[in-house]
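Fold and geometry: a report
If you want the building blocks of each chain, they are given just below.
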Amino acid sequence: MLAQEDLQKKICDFLGILQYSVEYRGAIGLLDQNLILQSFIAQFLNIIYGYDLINLDRDGHKYPAIDLGDFYRKVAFQVTATKTPRKIEETIEIFIRHKEYENFNNLKFLILGRKQNKYSQVFNTYNLFDFNPQRDILDIKDIVRQLSSLKLEKLLRLSHLIDSELSGTVIFKTTYQILHDSHHQDSLPREEVKPDNVVRTVRWVDVPLYSDPGCQQRRPDMTGVILDNRQHPENVFAGYTIHPISPNLFKEGAQVIIVYSRNSVCDESWYRNPETNEITYAWTEHSEVIGRMVEVA
């Protein structure tokens, strides 16, 4: 527990320094640091929340309303030092104008400083995407609050990220270093290596997962997806497999390729067989599958 507490203090202290650096530099118009931070913040959020965000400035396309995106979970972030309702409103307007809701169905903000105590203004999304200002506007203090609930493994990853990416502090690191460090590749999703003739088809979605063998404690953040695996061209059935997944990523009948998240892990789990209702052991530990659907000719 002492090691865990020491790591929490180290990360908390770093975030405090970061917050004040952004706040006071912004007061004299020095905003370039916010751009440099984006790749680092993407990795930081990935470890804490289990996302697979990337810096959209590195994607080769223009995303005028947003800075980070998880194309698997369809979550987008704008990273900004401006906390005003007008800034939120302008971003939403640009997000809609450029139809970013076709790529992302949840918009979030990370305020690099202190957000307002309350956002009472109504932000009109025209029901095109999911946005709740009380939930989706975060600041540094919100991130700090997450530290007490993180496992030692995630705290160690955050500590290593701070040490390896920042060489002491991001304030003095060059833009080129931040955008080109190879360590970032270690956190990117990993596609399975499998024979080309294996076809995986979604058989069941939204299978409840449980943290206990009696299936009483349902996991709130993940469900199971059961895949039908077949060898082709003979279409020989090779069995069913179950994997943890965020809700609403796959549709029944879709063909998929498994892609594993490096940032989100589901602990030991059980489920009820959809056909027999029998309680079945799922896994000891399993990386979340974020996958990708295959276009069928």
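The structure reproduced in this document is the subject of the present report. (Residues numbered from 1 in each chain as written. Predicted model: local features only at pLDDT ≥ 70, side-chain atom pairs only at ≥ 80, totals over all residues. Heavy atoms only, no water.)

Before going further, it helps to spend a moment on the overall build of the protein. Regarding its fold elements, the protein presents seven helices and 13 strands. When each of the 297 residues of the protein is scored for burial, the buried share is 46%. Contacts in the protein between residues at least 24 apart in sequence constitute 67% of all its contacts with a sequence separation of at least 6. As displayed, the protein has an accessible area near 15600 Å², and 50% of this comes from carbon and sulfur atoms. (Helix = DSSP H or I, 4+ residues; strand = E, 2+ residues; numbered from the N terminus. Buried < 20%, exposed > 50% of the residue type's maximum accessible area, 1.4 Å probe, protein only. Contact = heavy atoms within 4.5 Å. Areas by Shrake-Rupley, 256 points an atom, 1.4 Å probe, with all protein chains shown as cover.)

Of all hydrophobic cores here, the largest spans 31 residues; its most connected members are Ile41, Phe44 and Phe77. Per-element tally for this core: the top contributor is helix H2 (residues 32-49), with eight residues. Apart from the residues lying within four places of it in its own chain, the contact partners of isoleucine 41 are Leu68, Val79, Leu110 and Leu112. In this structure, Ala65, Ile66, Ile92 and Phe129 belong to the second largest nonpolar core, which totals 18 residues. (Core = buried A, V, L, I, M, F, W, Y, C linked by side-chain atoms within 4.5 Å.)

The strand order E1-E2-E3-E4-E5 describes an open sheet built from five strands, whose pairing is mixed. Here the strands that pair on one side only, and so sit at the sheet edges, are strand E1 (54-55) and strand E5 (137-139). As paired strands, strand E4 (residues 106-111) and E5 are joined by three bridges and run parallel to one another. Opposite leucine 110, over in E5, you have leucine 138 as the bridge partner. (Pairing = 2+ DSSP bridges.)

Here we come to the environment of isoleucine 11. Residue position: isoleucine 11 is located in helix H1 (residues 2-27). Note on isoleucine 11: relative accessible area 0%, which makes it buried. For the pair formed by isoleucine 11 and leucine 147, sequence separation is 136 residues and the distance between their alpha carbons is 8.3 Å. Excluding residues that lie within four positions of it along the chain, isoleucine 11 makes contacts with Phe44, Leu147, Leu155, Leu158, Ser159 and Ile162.

Before going further, it helps to spend a moment on the pairing of strand E12 (residues 279-289). Across eight bridges, strand E11 (residues 259-272) lies against E12 in antiparallel orientation. Considered in E12, the bridge of tyrosine 271 is made with threonine 280.

Tallied over the full model, the rule gives 16 salt bridges. For lysine 9, the salt bridge is made with glutamate 5, and the minimal N-O distance between the two is 3.2 Å. Of this pair, lysine 9 and glutamate 5 are both found in helix H1, four residues apart, which corresponds to roughly one turn of the helix. The exposure class of glutamate 5 is partly exposed, given its relative accessible area of 38%. Close ionic contact of aspartate 70 with arginine 73 constitutes a salt bridge, the shortest N to O distance being 2.7 Å. On the basis of relative accessible area, arginine 73 is assigned to the buried category, the value being 11%. Several salt bridges converge on common partners, so that one network encompasses Asp52, Asp70, Arg73 and Glu288. (Salt bridge = Lys/Arg side-chain N within 4 Å of Asp/Glu carboxyl O.)

At the junction of histidine 232 and proline 233, the peptide bond is cis and its omega measures out at 15° in the coordinates. Tracing the backbone through its elements, the reader meets proline 233 in the loop between strand E8 (218-231) and strand E9 (236-245). Positioned with a positive phi, lysine 74 is a non-glycine residue whose angle comes to about 60°. Structurally, lysine 74 can be placed in the loop between strand E2 (68-70) and strand E3 (75-80). Exposure remark for lysine 74: the relative accessible area of 34% places this residue in the partly exposed category.

Before going further, it helps to examine the packing of aromatic side chains. Tallied over the entire structure, the rule returns 12 aromatic pairs. Aromatic pair tryptophan 270 and tyrosine 281: ring centres 5.3 Å apart, planes at 75°, arrangement edge-to-face. One end of the pair, tryptophan 270, is in strand E11; the other, tyrosine 281, is in strand E12, and 11 residues separate them in sequence. With a relative accessible area of 13%, tryptophan 270 lands in the buried category. (Phe/Tyr/Trp six-rings, centres within 6.5 Å; stacked < 30°, edge-to-face > 60°.)

This part covers the side chain of serine 159. Relative to the helices and strands, serine 159 is located in helix H6 (residues 152-166). Here the side chain of serine 159 touches lysine 10 through a polar contact of 2.7 Å, side chain to side chain. For serine 159, the contacting residues outside a window of four places in its chain are Leu7, Lys10 and Ile11. (Polar contact = N/O pair within 3.5 Å; in protein donor to acceptor, adjacent residues only side chain to side chain.)

Here helix H3 (residues 85-97) spans 18 Å end to end across 13 residues, near enough to the 18 Å set by a 1.5 Å rise per residue. Those residues of H3 lying buried are Pro85, Ile88, Thr91, Ile92, Phe95 and Ile96. Taken around the axis of H3, the buried residues stretch over an arc of 135°, which confines them to a single face. In this structure, the buried residues of H3 make contact with E3, E4 and E5. Looking at the residues trailing H3, positive phi occurs at lysine 99, about 55°. (Expected span 1.5 Å × (residues − 1). Arc of directions from axis to C-beta.)

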